[in-house]
Amino acid sequence: MADGVVKIWKMEEGWGVIASPDLPAGHDAWAHFSDILAEGYRALEAGQRVEFEIVQREQDGFAYVATNVRAL
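Residues numbered from 1 in each chain as written. Predicted model: local features only at pLDDT ≥ 70, side-chain atom pairs only at ≥ 80, totals over all residues. Heavy atoms only, no water.

1. Let's talk about the pairing of strand 2 (residues 15-19)
With four of five residues buried, strand 2 is to be regarded as a mostly interior element. Pairing between strand 1 (residues 2-10) and strand 2: five bridges, direction antiparallel. The residue of strand 2 that forms the bridge with Lys-10 is Trp-15. Counting the residues between successive antiparallel strands, the hairpin from strand 1 to strand 2 contains four residues, one of them, Gly-14, with a positive phi of roughly 80°. Judged from the four bridges that link them, strand 2 and strand 3 (residues 29-32) form a sheet pairing that is antiparallel. Pairing of Val-17 across the sheet is with Trp-30, part of strand 3. (Buried < 20%, exposed > 50% of the residue type's maximum accessible area, 1.4 Å probe, protein only. Helix = DSSP H or I, 4+ residues; strand = E, 2+ residues; numbered from the N terminus. Pairing = 2+ DSSP bridges.)

Encoded structure:
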């Protein structure tokens with residue numbers, strides 16, 4: 001699992017961007033609300049610390065996707 005911080009979260013669109021030192025330099029991970037491990041309404045906030053798994057896959061201009069995202 002990687003540790004990171006939510007840089008941007010677009011609540012109305014259900015996705016955001018996570019920064020992490022575990023990602024290659026210059027890269028962030030794209031995240032979707034469906035990959036958040038939580039009960040009920042799933043969303044994150046900018047500045048929130050999270051842990052997640054990194055998947056190298058192209059998504060909306062990002063080279064990495066965050067899966068199994070868990071708020072810390």
